[in-house]
Every structure is written in structure tokens, then in C-alpha cells.
Amino acid sequence: MKYPILAGLASALILGACGSSVEMPEPAYEDISAAQSAAGMLQERLQARLMSAMQEGGIEEAITACSEDALVISAEVSAETGLEIGRTSLRVRNPANAPDAWETEQFAVFEEARASGVNQMAMQYSEVVDEEGSHVFRWMKPIFLGDFCATCHGTDISPEVQAAIDAVYADDQATGFEVGDIRGAFTVRRPL
Ligand code: HEC
């Protein structure tokens, strides 16, 4: 099993480096570590909010809670950590979470790494990029679909859940995922 992991990581590194014509600094360890803990914080709070809404009023209530609070919670974690943190996906539910060009590129790298058997826990990518002459730290970590997530993002959505989703998101693209798929990613940005 060692070989595919290494091969996947190598290709992730090579693909990730493409496109930067100027020599850019390496991301700082402090930024990577701060991004990791901010993502952990965001994940915990979103999960807690989802669980309490489920207990209060079931799936429909949970969908309402996600739609009203997910971006608010992301903004809170951003304010507390000084990083811009959010979630993104190639197939979004909320158009406000749509990926930019850099994020779209990283999804291709992650998909390739997943196909070649790279350990999910090891998958994350950081880079210092040039944005109009300024250096910006960027970091991304894929989010995989778990069993529980399939209720609202899977291939077999109940009519009630589908109706609750449709009521809020006219252009939802975020169903049809299989357990283990890359559902999206945590994404962090910090101008340096
Ligand atoms: C109760 C239904 C529900 C469950 C269960 C659920 N989600 Fe979501 N998910 C949503 C809603 C609603 C949004 C849109 C939130 C917003 O408006 O920002 C969303 C958004 C997302 C996004 C952000 C990108 C986008 O599409 O806008 C990701 C990533 C995501 N969910 C992953 C997961 C994962 C992983 C799980 C399981 C741990 C999960 N979700 C469980 C309803 C759900």
C-alpha cells in the first residue's frame, strides 16, 4: 500500500505547483497549523448546530438551521481566528460557497489523490499564491461524505428532505454523492 500513497502525494505536489511562474515563499508552519485548528473548530460548531437542530425538529429543522447558521458560524470562526475560513465544493448547495479558480484546481488534485489511494487523513494542501502582486496564504482540506451526511447529500433523498432543500435552494447541486466521495472542502485564505 505504500507505493500508491507516495505516488499520489507526489502527483498532488506536482499538480499543485503548476501555474506559479514566479518563485513564491513556502507556507509558514504557523499558518498551516492555524488553518487546521480553525477547520476543526468550524467542523465542531457546525456539527453541534446540526445535532441540536435535529433533536429540536428533525431533518427539516436541521436544513433550516444549516441554511441560516452555516455562513454565520463560518464568519464567527473567521473573526476569532483572523483567517478567512469557509466551505466550498465543486457542486454547491449554497451558491455563496462556490469555489474560485485556485479551489477548483485543488479539487482536481484531491480527486486524483483519492483515486490513487492516498490516505484521506493526509490530504490537505497549502500554498502561498500571488494575488495582484500581494502574497496570500491559502489552505484546503477535503471533506468526505459520511453515512449521516447522505440523508441530505446522498443518492437516495427522501421526498420530505428534498422538499425542504428545494424550498431554500432553487439551484441545489449537492445531492447524488456516495459515502466516501469528496463532498467539498474546508478552505482558508489569509493575505500575508
Ligand atoms: C440536515 C441536512 C444536512 C446534513 C445531514 C448535512 N448537510 Fe451539508 N449542507 C446542508 C445545507 C442546507 C447546506 C447549505 C448551507 C449553507 O447555506 O451555507 C449544506 C452545505 C454543505 C457544504 C458546503 C458547500 C455547499 O454545498 O454549499 C458542505 C461541504 C457540506 N454541506 C458537507 C456535509 C457533510 C460532510 C455532512 C455530514 C457530516 C453534511 N454536510 C450533512 C444540509 C445538510
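For the structure, see preceding data.
A few points on the structure. This one's a predicted model, so the numbers in the text were calculated from it and none came from an experiment.

Here strand 2 (residues 125-131) lies mainly inside the structure; 5 of its 7 residues are buried. Bridge analysis of strand 2 against strand 3 (residues 134-144) gives 7 bridges, and the strand direction is antiparallel. Bridge pairing in strand 3 links Glu131 to Ser134. The turn linking strand 2 back onto strand 3 is made up of 2 residues, and Glu132 within it adopts a positive phi angle of 50 degrees.

One non-glycine residue, Glu132, lies in positive phi territory at about 50 degrees. Inspection of the secondary structure puts Glu132 in the loop between strand 2 and strand 3.

With that settled, the discussion passes to the coordination of the iron atom of the ligand. You will see that the iron atom of the ligand has only one donor from the protein, His153 (NE2), lying 2.1 Å away. Note that His153 resides in helix 4 (residues 150-153).

Right, let's talk about the environment of Glu61 for a bit. When you line up the elements, Glu61 lands in helix 2 (residues 29-81). In the structure, Glu61 is positioned 11 residues away from Leu50 in sequence and 8.9 Å away in space, judged by C-alpha atoms. Among residues more than four places away in sequence, those in contact with Glu61 are Ala53 and Glu56.

Our focus in this paragraph is the pattern of salt bridges. Within the structure shown, the criterion is met by 11 salt bridges. Among the ionic pairs, Arg138 bridges to Glu103, the shortest N-O distance being 3.3 Å. Of this pair, Arg138 sits in strand 3 while Glu103 sits in helix 3 (residues 101-115), and the two are 35 residues apart along the sequence. The residues Arg138 and Glu103 share a single accessibility class, namely buried. Residue Glu131 pairs with Arg138 through a salt bridge whose shortest N-O separation is 3.8 Å. Several salt bridges share partner residues, and in doing so they unite Glu84, Asp100, Glu103, Glu131, Arg138 and Arg189 into one network.

Taking strand neighbours across the sheet as the criterion, the 4 strands line up as 1-4-3-2 in an open arrangement whose pairing is antiparallel. Edge positions in the sheet fall to strand 1 (84-88) and strand 2, since each has one partner strand and no second. This sheet shows a mean twist of 25 degrees between the axes of neighbouring strands, independent of strand direction. The sheet contact formed by strand 3 and strand 4 (residues 182-191) spans 9 bridges and is antiparallel. Residue pairing in the sheet places Ile143 in a bridge with Gly184 of strand 4. Against the sheet, helix 3 contacts strand 1, strand 2, strand 3 and strand 4, and its axis sits at roughly 40 degrees relative to strand 3.

Turning our eyes to something else, we now look at the packing of aromatic side chains. Here the structure, examined in full by the defined rule, presents 1 aromatic pair. The ring of Phe177 has Arg91 lying over it, and the distance from NZ or CZ to the ring centre is 3.9 Å.

Thresholds applied
- Throughout this document, residue positions are counted from 1 along each chain, in the order its sequence is written.
- Predicted model: local features are reported for residues with pLDDT of at least 70 only, side-chain atom pairs are reported and counted for 80 or more only, and whole-chain, interface and lining totals are derived from all residues.
- Hydrogens and water are ignored here; the side-chain numbers use all heavy atoms of the structure.
- Only protein chains enter the accessibility calculation, which uses a 1.4 Å probe. A residue is then buried if its area is under 20% of the maximum for its type, exposed if over 50%, and partly exposed in between.
- A run of DSSP states H or I qualifies as a helix once it reaches four residues; a run of E qualifies as a strand once it reaches two. Both are numbered from the N-terminal end.
- Note: two strands are recorded as paired if DSSP finds a minimum of 2 bridges between them.
- Each metal site is built from N, O and S donor atoms within 2.8 Å (3.2 Å for Na, K and Ca), and since water is not included, such sites may look incomplete.
- Whether two residues touch is decided by their heavy atoms; if any such pair falls within 4.5 Å, the residues are in contact.
- Salt bridges are defined as contacts in which a side-chain nitrogen from Lys or Arg sits within 4 Å of a carboxyl oxygen from Asp or Glu.
- Helix axes use the C-alpha atoms of the stretch in contact, all axes being lines fitted to C-alpha atoms, and the angles between their N-to-C directions lie in the range 0 to 180 degrees.
- Each pair of aromatic rings taken from Phe, Tyr and Trp, with Trp reduced to its six-membered ring, is defined by centres within 6.5 Å and is described as stacked if the planes are under 30 degrees apart, edge-to-face if over 60, and tilted in the remaining cases.
- Charge-over-ring placement is defined geometrically: NZ (Lys) or CZ (Arg) within 6 Å of the ring centre, and within 35 degrees of the ring normal.

These figures come from the coordinates and say nothing about function on their own.
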